[in-house]
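Fold and geometry: a report
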Amino acid sequence: MMIDFLNAIVALSNFVLIPAIAYGSQLALGALGVTLVYGVLRFSNFAHGDTMAFGTMTVILFTWWFQSMGISIHPLPTALLALPFGIAVTALLLLGTDRVVYRFYRKQKAQPVIYLIVSLGVMFILNGLVRFIIGPGDQRFADGERFIMKARDFKAMTGLKEGLAIKTSQSITLVTAIIVVIALFWFLNRTRTGKSMRAFSDNEDLALLSGINPERVVIYTWLIVAALATIAGTLYGLDKSFKPFTYFQLLLPIFAAAIVGGLGSPLGAIAGGFVIAFSEVMITYAWKKVLTYLMPDSLDPSGLVQLIATEYKFAISFVILVIVLLFRPTGLFRGKAL
Amino acid sequence: MNDLSKNLSYFALVAVLIIGTGFYQSWNSALFILNMGLVSAILSLGVNLQWGIAGLLNVGVMGFVALGGASTIFISMAPIPAAWQAGGPRILLGLALGAATIAALVIGYSRLPKGRVRTIALLAVAVIGFLAYRSVISPAIKSVEAVNPALEGYLGGLGLPVLLAWPVGGLLAAGAAWIIGKTALGLRSDYLAIATLGISEIIVAVLKNEDWLTRGVKNVNGIPRPVPYEIDLQNDPLFVERAATLGLDPTIASTLFVKILYALLFASVLIILLWLSQRALNSPWGRMMRAIRDNETAARAMGKNVTARHLQVFILGSAVCGIAGAMMTTLDSQFTPSAYQPLRFTFLVWVMVIVGGSGNNFGAVLGGFIVWFLWVQVEPMGLWLMQVITSPLAEDSALRLHLINSAAHMRLLTMGIFLLLMLRFSPRGLLPEK
């Protein structure tokens with residue numbers, strides 16, 4: 001009985017908890033980027049998914065270059081070494097986009113909807129650029145040790161029937177996400193620039209009156225967004241694989257996470273990311289295995305006990321989004337929306 | 001009169017572009033551009049109704065187009081009796097159970113007093129309803145999909161004329177739009193955008209995965225056509241004789257003839273919809289919609305029911321997109337759910353509306369033609385450009401091969417630049433709203 005219970009816990013962690021934590025961290029980092037753009041620049045950035053794709057692409061290109069020169073940080077993936085370079089290139093791209101595209105509309109004090117449509121144009125360009133440079137296909141760029149713990153080793157170690165596998169990418173995701181989030185919150189709450197960003201986000205007019213330079217705030221925002229998008233994209237790519245179209249599709253869960261948490265609220269974005277990730281993984285997981293351990297033999301489930309097919313995972317973020325919008329339009333953490 | 005001559009010169013330009021394609025490439029590709037241009041113009045009219053006239057941001061056009069496309073299956077494919085026998089009624093019963101559950105939830109939420117009792121009751125209804133729905137529908141789906149899966153494996157349609165699918169496609173899209181509008185309208189415009197983006201992905205996911213309904217990624221081929229088949233024309237002595245008098249090869253003549261018939265059908269739909277849109281735009285209703293768009297608060301203060309009007313125009317615009325979707329699938333005579341890509345079916349339509357001139361129906365139509373022409377022609381132009389740029393490189397240089405192979409993706413880049421340039425330097429479009 002006790003063994004069954006342990007097996008159930010291990011199976012649950014292996015198939016639900018660990019993947020959901022990794023996915024949730026990736027979504028949270030993506031949603032932080034969306035929420036920062038929304039808070040400071042005041043528009044929904046539809047190009048965010050493709051910014052992530054662009055950042056990941058530059059990281060992949062640097063990774064290949066390092067690999068060809070024989071540079072590696074085994075057992076960690078080379079992509080981690082390439083990450084700062086990818087962030088730098090993406091930051092240049094975003095600052096360039098801001099200078100050439102968005103600044104004009106900021107001067108005009110254009111409506112948020114106009115910004116949104118402009119971001120669609122940027123999305124097209126980034127999309128084309130990424131496909132043009134690296135192609136529309138799948139790219140795998142994870143190297144180094146694949147697993148921290150293999151399912152077989154775990155079984156041998158504990159004598160349980162269920163194995164527990166922890167992928168390197170999953171633990172890197174979690175560690176990186178924690179470091180990034182701590183650094184971001186330290187920056188927003190403790191530094192002068194971070195405080196001016198928050199002030200600008202809370203009340204633009206007051207911030208301007210107290211002598212905050214808006215262009216400086218905007219530049220810092222784009223720099224942070226570039227870092228967040230590149231890191232989120234790279235972690236997702238290491239964990240799964242890189243395909244430009246998948247990154248575009250991530251837009252929906254990322255926006256859902258940001259809105260569920262409350263647009264403009266960084267804490268909300270993190271919470272939202274985990275809410276979306278856990279619901280997605282739990283609702284599309286086939287519970288048969290876990291239930292078989294937990295239920296008496298006579299009650300064993302006959303089907304897979306999968307609530308919804310994996311293909312419909314978008315529907316889950318969408319339904320959560322709609323429920324939150326209907327019942328608590330400002331999100332869990334009282335964002336500034338509506 | 002100045003406006004009229006401007007309109008005419010732009011449309012003359014489109015005509016020149018298409019006729020030029022006929023002379024320099026082939027008449028078949030010219031007619032292809034014309035036909036898809038007509039469909040694009042209709043799509044663009046639909047989005048213009050929502051964005052240009054009412055200021056609603058719908059980025060789920062793809063979903064409505066796909067629903068319209070699926071309606072051609074539901075209407076025109078022959079029913080499959082074996083599949084119906086295997087589980088048709090049971091699937092219908094399952095769907096009815098699902099619908100009843102949702103209805104019970106909605107009614108329960110609005111009728112029962114707020115409190116813990118309501119939460120528990122609604123949760124119980126949801127769980128029981130879901131289990132009942134799954135237990136009824138799952139075995140039925142399995143047995144339907146097992147019926148001759150290589151060729152059938154779905155319920156088929158009603159076996160009616162395919163032209164009927166066009167209005168039905170509009171109705172299906174309108175129904176979906178009603179559900180979305182009921183939940184997402186009245187919120188901020190960004191939320192409508194994200195909600196429509198989500199629903200369009202879901203619609204396409206359903207069409208891709210519910211094999212019993214649309215055969216999923218196995219596609220439905222051979223959807224009946226409203227026009228004769230080329231092969232029949234080629235075997236018809238009268239047609240061959242007529243083609244010969246024009247000095248045409250019967251094979252080419254038949255393909256051209258079929259495309260021209262499609263063009264006439266599509267053009268008549270476009271003209272009817274354009275006429276209706278113009279009537280709507282210049283009616284008191286159109287003035288009210290624009291008043292709401294320009295100042296919602298003022299319109300509300302004048303006693304206009306803004307949310308209801310938004311819902312109305314959202315449904316109408318989506319229905320137009322549904323009609324266009326059905327026409328597109330009819331033209332292909334094949335339903336391929338995996339072909340629905342948001343960049344092509346949602347965001348390209350947005351480029352059409354913005355470039356053409358949002359708020360102006362003729363502008364939207366013009367945008368549909370011009371942007372579609374560019375979308376088709378940028379690919380060969382990009383390829384040519386890449387060949388010129390890379391000509392100094394060695395024949396087998398890796399960079400050269402990569403650039404030439406990637407030239408197809410130039411069209412996304414071009415569309416983005418085109419859109420941004422228009423937004424920056426001529427935000428009201430080629431034919432601005434009056």
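If you're wondering where the values come from, they're calculated on a predicted model, not measured in any experiment. (Residues numbered from 1 in each chain as written. Chains lettered and ligands numbered in written order. Predicted model: local features only at pLDDT ≥ 70, side-chain atom pairs only at ≥ 80, totals over all residues. Heavy atoms only, no water.)

Time to look at the domain arrangement of chain B. All names here are of chain B. Assigned domains within chain B: domain 1 (16–79 + 156–425) and domain 2 (81–155). Using C-alpha coordinates to define each centre, domain 1 is positioned 33 Å away from domain 2. Listed by partner, the interface residues are 12 residues for domain 1 and 14 residues for domain 2. For the pair domain 1 and domain 2, the summed buried surface comes to about 960 Å²; carbon and sulfur atoms form 56% of the total. It is Gly156, Trp212 and Arg215 that lose the most area in domain 1 upon contact with domain 2, and together they represent 66% of the buried surface on that side. The interface formed by domain 1 and domain 2 includes zero salt bridges. Put simply, domain 1 and domain 2 have seven residue pairs in polar contact (both at pLDDT 80 or more) between them. Take the side of domain 1 that touches domain 2: its biggest share by element is three residues, from helix 8 (residues 211–214). Among the residues forming the side of domain 1 that touches domain 2, the class breakdown is six nonpolar, two polar and four charged. (Domains from an automatic or database assignment. Contact = heavy atoms within 4.5 Å. Buried area = accessible area lost by both parts, 1.4 Å probe. Salt bridge = Lys/Arg side-chain N within 4 Å of Asp/Glu carboxyl O. Polar contact = N/O pair within 3.5 Å; in protein donor to acceptor, adjacent residues only side chain to side chain. Helix = DSSP H or I, 4+ residues; strand = E, 2+ residues; numbered from the N terminus. Nonpolar A, V, L, I, M, F, W, Y, C, P; charged D, E, K, R; others polar.)

So, about unusual backbone geometry. A cis amide bond links His74 of chain A to the next residue, Pro75 of chain A, at an omega of 5 degrees. With respect to the helices, strands and loops of the structure, Pro75 of chain A is situated in the loop between helix 2 (48–69) and helix 3 (79–108).

Bringing the packing of helix 4 (residues 112–134) of chain A against helix 18 (residues 410–425) of chain B into the picture now. Running from amino to carboxyl end, helix 4 of chain A crosses helix 18 of chain B at an angle of 155 degrees, the nearest separation of the two axes being 7 Å. Compared by their axis directions, helix 4 of chain A and helix 18 of chain B come out roughly antiparallel. Judged by the twist between their axes, the crossing of helix 4 of chain A over helix 18 of chain B is left-handed. Contact with helix 4 of chain A, carried on its side by Ile117, Val118, Leu120, Gly121, Val122, Phe124, Ile125, Asn127, Gly128, Leu129, Arg131 and Phe132 of chain A, involves Met410, Leu412, Leu413, Met415, Gly416, Ile417, Leu419, Leu420 and Leu423 of chain B of helix 18 of chain B and no other residues of that element. Partitioning the contact of helix 4 of chain A with helix 18 of chain B into residue classes produces 16 nonpolar, four polar and one charged. (Axes fitted to C-alpha atoms, helices over the stretch in contact; angles between N-to-C directions. Parallel < 35°, antiparallel > 145°, perpendicular 65-115°, else oblique. Left-handed = near helix turned anticlockwise from the far one by under 90°.)

Turning to the nonpolar core, a few remarks are in order. Leu29, Phe46, Trp222 and Phe242 of chain A together with Phe347 and Trp350 of chain B are the most contacted members of the largest nonpolar core, which has 233 residues in total. Top contributing element to this core by residue count: helix 1 (residues 2–41) of chain A, with 16 residues. The residues touching Leu29 of chain A, leaving out its near neighbours within four places in the chain, are Ala177, Val180, Val181, Leu228, Ile231, Ala232 and Leu235 of chain A. (Core = buried A, V, L, I, M, F, W, Y, C linked by side-chain atoms within 4.5 Å. Buried < 20%, exposed > 50% of the residue type's maximum accessible area, 1.4 Å probe, protein only.)

With that out of the way, let us pick up the interface of chain B and chain A. Taken residue by residue, the interface counts 48 residues in chain B and 48 residues in chain A. Between chain B and chain A, roughly 4300 Å² of surface is buried when both sides are summed, and carbon and sulfur atoms account for 78% of that area. Among the residues of chain B in contact with chain A, Tyr191, Ile194 and Arg424 of chain B are the three that bury the most area, contributing 15% of the side total. At the boundary of chain B with chain A, the tally comes to zero salt bridges. Our count for the contact surface shared by chain B and chain A stands at nine residue pairs in polar contact (both at pLDDT 80 or more). Broken down by element, the residue count for the side of chain B that touches chain A peaks at 14 residues, all from helix 7 (residues 189–209) of chain B.

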